[in-house]
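# Inside the fold
What follows is each chain in one-letter form.
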Amino acid sequence: MSQALVVDDDRTVREMVRRSLEKVNIDVMTAGTADEAMDAIRASSPEVVLLDIMLPGVSGLDIFREIHKLDRRLPVVFITSSSESNLAIEAMQLGAFDYLAKPLDLPKLNLLAQKAIETRRLMNIPVALPVGDAKTGKGDQFVGRSPQMLEVFKAIGRVAAENVNVLIRGESGTGKELVARAIYQHSPRSKECFMAVNCAALTETLLESELFGYEKGAFTGADRQRIGKFEQCNGGTIFLDEVGDMSQLTQGKVLRLLQEQKFERVGGNKTIETDVRIIAATNRNLEDMVKSGLFREDLFYRLNGMTISLPPLRDRGDDIALLVEHYLNEACYEMGRTETEGVSSEALELLIQYHWPGNVRELQSVVRQSLLNSTTPVIVPSFLPDELSRRFNTQTMPFDTQMDVGSDDFPLSDLRLFVDQRLAEQSTDLYSETLEAMERYLLTRVLNETGGNQTRAAEILGITRGKIRDRIAQFGISLAKTVSIDDDAD
């Protein structure tokens, strides 16, 4: 359970905050004085501190400075009345996480505490880079020994210590945030703040306010000044996830910050200087977006101080088995499943052949679901999620026999019979049905020719091995002594 420290001389406020945070599974310690607060931080290392800015006989800024001497990365949220808002803003400029005005909005307090704890987690959980059979340790880990992942590990090592911006590219779920955190944790800025912002999750106005902050009265509802992430993270690192979803207006402001390390808050005219390192990530083709005018070319080159490209899981070969082992060990430890022995060869083969559209994130979810479904020490195909287990249970048939693709008996290779059959059945999707039938025939014919060798089949067809795997999964092709197709494959 996450842990928070609430520091307020009002016992009623402490109790109210404690009850509120416990509803969102946050364990709460309380302190009524500065000395009690510092003792609690030294003894228990909370993940967020909620600090009343006006305690008896001491300034909140003095307490904040003492906290930062102990741990510069510990998020501190100030609790203040409106009359002390200027003091809270000054603390924010020194590096506080945020502040809330009294009377407290408890739902907002809960969300802010959770957000602060997540930020703390991102900064503190180490990202290890084990290769091969390295044992699971504390923190998040990259697991892999494929040539593609070894190149990623080397790239992180080369760029981490350099003060250059990095662009991480790859499909959703490939581990772009892990790369960003590994770069941060191995950089000279590792003792400073790390903040992550998902550009796709916020509207244009909210994203601009989140990054740059705003002045009081800048827009309807701006009843106080707000310090943005670039100002809070001065000296640290900001991770801009899904940067391709950023609006043109925000792109222009980020470009200026990259060029000059200066910006203005929304609705303000005061120029603010900051020193941040930007690590950006995207699953979109920024070059195509530049050509179509959706992404600024000058910003693209500024962000792209160095590119790290993450391969999709389907192209990582034996890494799939390593990742299954890693996440199974991790899940067994978390769930207390000491009796689990491993994964059967049949289940592992299904996992290896699956095309993994959700990449590593999907694999982690599948392993956890399979463990929850298991009733024996060994995970067998029936324990896998439906989209995987049904491939094991369906009956396959040799290609050179009749197969059901919209009819009960016709040779798949005879295109005329196939079209005639579908016309007689008044198909309304004949174009796609015909293309699929042709693709099934061609792929299965070539795989029969190569004895199931996917690499050789890819060379003959002129497509990637990843696409071969996708089609094998899509069409339910079984790679046995004779290549065959699942009758019920979608």
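First things first, this report covers the structure right here in the doc. This structure is a prediction, so every number in the text was calculated from the model and none was measured.

Structurally, Arg277 can be placed in strand β17 (residues 277-282). Sequence separation between Arg277 and Gly236 is 41 residues, and the spatial gap between their C-alpha atoms is 6.5 Å.

The next point concerns unusual backbone geometry. With omega at -5 degrees, the peptide bond leading from Lys102 into Pro103 counts as cis. Turning to its location among the elements, Pro103 is positioned in the loop between β7 (98-101) and α5 (106-124). Unusually for a residue other than glycine, Asn25 sits at a positive phi of about 60 degrees. For Asn25, a relative accessible area of 53% gives the class exposed.

Enumeration over the complete set of coordinates arrives at 1 cavity of 30 Å³ or more. When its volume is computed, the largest cavity comes out at roughly 50 Å³. Lining the largest cavity are Val324, Leu328, Val343, Leu351, Val366, Val367, Ser370, Ile379 and Leu384. With 3 residues, helix α15 (residues 359-373) is the single largest residue contributor to the lining of the largest cavity.

Volume-wise, the largest pocket comes out at about 910 Å³. Together, 41 residues line the largest pocket, and Asp98, Lys108, Leu112, Arg224 and Arg226 are the ones closest to its centre. Looking at the lining of the largest pocket, the elements that each hand over two or more residues are α4 (85-94), β7, α5, β11 (194-198) and α8 (204-212). Broken down by element, the lining of the largest pocket gets its largest block of residues, 7 residues, from α5.

Before going further, it helps to spend a moment on the sheet that holds strand β10 (residues 166-169). Read across the sheet, 5 strands follow the order β11-β14-β17-β10-β18 without closing on themselves; strand pairing throughout is parallel. The two strands at the open ends of the sheet, each matched to only one other strand, are β11 and β18 (306-309). Shown here is a sheet whose adjacent strand axes are inclined to one another by a mean of 20 degrees, direction ignored. On top of the sheet, helix α6 (residues 147-159) reaches β10, β17 and β18; it is set at about 155 degrees to β18, its chief contact.

In this structure the tally under the stated criterion is 7 aromatic pairs. With a centroid separation of 5.3 Å and 55 degrees between ring planes, the pair formed by Phe300 and Tyr301 is classed as tilted. An aromatic cluster of at least three residues, connected via ring pairs, comprises Phe212, Phe230 and Phe263. The cationic tip of Arg224 hangs over the ring face of Tyr99; the distance from NZ or CZ to the ring centre is 4.5 Å. Over the ring of Phe212 we find Lys253, and its NZ or CZ is 4.6 Å from the ring centre.

What counts as what
- Residues numbered from 1 in each chain as written.
- Predicted model: local features only at pLDDT ≥ 70, side-chain atom pairs only at ≥ 80, totals over all residues.
- Heavy atoms only, no water.
- Helix = DSSP H or I, 4+ residues; strand = E, 2+ residues; numbered from the N terminus.
- Buried < 20%, exposed > 50% of the residue type's maximum accessible area, 1.4 Å probe, protein only.
- 1 Å grid on protein atoms, 1.4 Å probe; cavity = no way out; pocket = protein on both sides within 12 Å on 5 of 7 lines; lining within 4 Å.
- Points joined across faces, edges and corners; volume = space filled by probe spheres on them.
- Pairing = 2+ DSSP bridges.
- Axes fitted to C-alpha atoms, helices over the stretch in contact; angles between N-to-C directions.
- Contact = heavy atoms within 4.5 Å.
- Phe/Tyr/Trp six-rings, centres within 6.5 Å; stacked < 30°, edge-to-face > 60°.
- Lys NZ or Arg CZ within 6 Å of the ring centre and 35° of its normal.

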